[in-house]
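Descriptive structure summary
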Amino acid sequence: MNETNASLVERETKLEMGVYKKRDIALSRGEGSIVWDVEGKRYIDFTSGIGVAILGHNHPGLKQALAEQASKMITCNEAFANGERTRLLESLESRWRSASGKSGKIFLCNSGTEANEAAIKLARAKTGRKALVAAMNGFHGRTAGSLALTFKLKYRERFEPLIGPITRIRMNDIEGLRNAVTEETAAVFLEVIQGEGGIRPADVAFLSAAREICSQKGTLLVFDEVQAGMGRTGKFFSFENVGVYPDVVTLAKGLGGGVPIGAAIANEEFCVFKNLEHGSTFGGNPFACAAANATIKAIEDEKLLERADENGLWLSQKLQQMMTRKPSIVQVRGKGLFIGLELKVESTPIVKAAQAKGLLILTAGDTTLRMLPPLNTTREVYEEALGILESVLP
Ligand SMILES: Cc1ncc(COP(=O)(O)O)c(C=O)c1O
């Protein structure tokens, strides 16, 4: 059958439920930070499957781990222990303990929204309270609990009533947060750097106040690091950059280097789930755990935290310099390789123009460009990407 960009896009569009805004190309393979469409055109991939492919594509260590695990065992639910899962739990717990100083417990699942659902249920079970607080412009997922926390009305309005009550506060509004958190509040959900909301880092003072307010009120502080975690900001957990420690952190996206896996990690003292009160059929499956172990190994072996930090700094300096030549850039935001460019013009036409010239990037709102390069992208590729970006920005 004819497999052109247009034919594959058309066949998928015909059968999917229409929830994804599709581009006009079909990707067939990738190598590092480069991908090719089915007609052989080459692109630099700074979308990384929306922040997922932190090792780039076709990573040898990840590929080998998956091949080996596939030949041993793909599935075995959590009623049975499995070495890959054991090692992943130990590795995540030790990172959590060295970052937060507390011992942790982990729930493994398959996506970001599912990790946040676990955190919501955990907070309600621990506190016996119902109310939740979240930030305006926050994004936490699309299943009923996480969706209730997600800010944009267009994602929520046709599905109400969702769980609640939810109070939405302005990010960085300390007084607003103080007023919102009461003896009825089970948890405060925050992104240390808002992703979908436009790559907006929270102020350290606000995050510290959130810590203090939550501790005072017996409310759980949950940091959603589904997009910012796994080294994207130069630290394994992005909260390590600001020195404010949550009670629960949620991870997904980069955790499996492309294989679906999510995790909620919580201080041991908050883990009050009873047998079968929560669960997930695919959670902690050995194939996904092997992917996560190989991804974490590559982060260590290839010094990807250090590289994300260094390259992020270098890239943001280059973008600041570009700002002096390109009047359409209003601001460069982010941390490490979690990069946003606020524009004076609409972001979608720029994304399209960049794609036509061989650079895949994302939007994060109507006027924000978002770049989520693989953490092992080389300077040569960054230089090429910067050249393309400069050529398409007014
Ligand atoms: C901060 C944040 N939380 C949660 C989610 C939802 O993750 P998933 O799409 O894996 O359910 C996302 C997805 O973009 C996200 O960026």
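In this text, all values refer to a predicted model and were calculated from it rather than measured experimentally.

Moving on to the sheet that holds strand β17 (residues 368-371). In space, the four strands of this open sheet follow the order β13-β14-β17-β16, with antiparallel pairing throughout. Looking at the sheet topology across the chains shown, the edges are occupied by β13 (329-335) and β16 (362-363). Relative to β17, strand β14 (residues 338-343) runs antiparallel, the two sharing four bridges. Residue Leu341 lies in a different strand from β17, and its bridge partner there is Leu369. Across the sheet, helix α11 (residues 304-325) touches β13, β14 and β17, and the angle it forms with β13 is around 175°.

What follows deals with the domain arrangement of the protein chain. Domain assignment breaks the protein chain into domain 1 (5-58 + 303-392) and domain 2 (73-301). Put simply, the middle of domain 1 and the middle of domain 2, counted by C-alpha atoms, are 26 Å apart. Taken together, the contacts link 28 residues of domain 1 with 27 residues of domain 2. Summing the contributions of domain 1 and of domain 2, the shared interface buries around 2,200 Å²; its carbon and sulfur component is 62%. When residues of domain 1 are sorted by the area they lose upon contact with domain 2, Ile54, Leu305 and Phe338 head the list and together hold 30% of the total. Seen at the junction of domain 1 and domain 2, the total is two salt bridges. Linking Arg370 and Glu196 is a salt bridge whose minimum nitrogen-to-oxygen distance equals 2.8 Å. Here domain 1 and domain 2 share ten residue pairs in polar contact (both at pLDDT 80 or more) between them. Every element with two or more residues in the side of domain 1 that touches domain 2 is listed here: α2 (48-51), α11, β13, β14 and β17. Class assignment of the residues belonging to the side of domain 1 that touches domain 2 gives a composition of 15 nonpolar, seven polar and six charged.

Now for unusual backbone geometry. The linkage connecting Glu160 with the following residue, Pro161, adopts the cis geometry, with an omega of 0°. Structurally, Pro161 is set in the loop between α7 (153-156) and β6 (166-169). Here the amide bond leading from Gly164 into Pro165 is cis, since omega sits at 0°, within 30 degrees of zero. Tracing the chain through its elements places Pro165 in the loop between α7 and β6. Even without glycine at this site, Asn137 takes up a positive phi of about 70°.

About the criteria used
- Residues numbered from 1 in each chain as written.
- Predicted model: local features only at pLDDT ≥ 70, side-chain atom pairs only at ≥ 80, totals over all residues.
- Heavy atoms only, no water.
- Pairing = 2+ DSSP bridges.
- Helix = DSSP H or I, 4+ residues; strand = E, 2+ residues; numbered from the N terminus.
- Contact = heavy atoms within 4.5 Å.
- Axes fitted to C-alpha atoms, helices over the stretch in contact; angles between N-to-C directions.
- Domains from an automatic or database assignment.
- Buried area = accessible area lost by both parts, 1.4 Å probe.
- Salt bridge = Lys/Arg side-chain N within 4 Å of Asp/Glu carboxyl O.
- Polar contact = N/O pair within 3.5 Å; in protein donor to acceptor, adjacent residues only side chain to side chain.
- Nonpolar A, V, L, I, M, F, W, Y, C, P; charged D, E, K, R; others polar.

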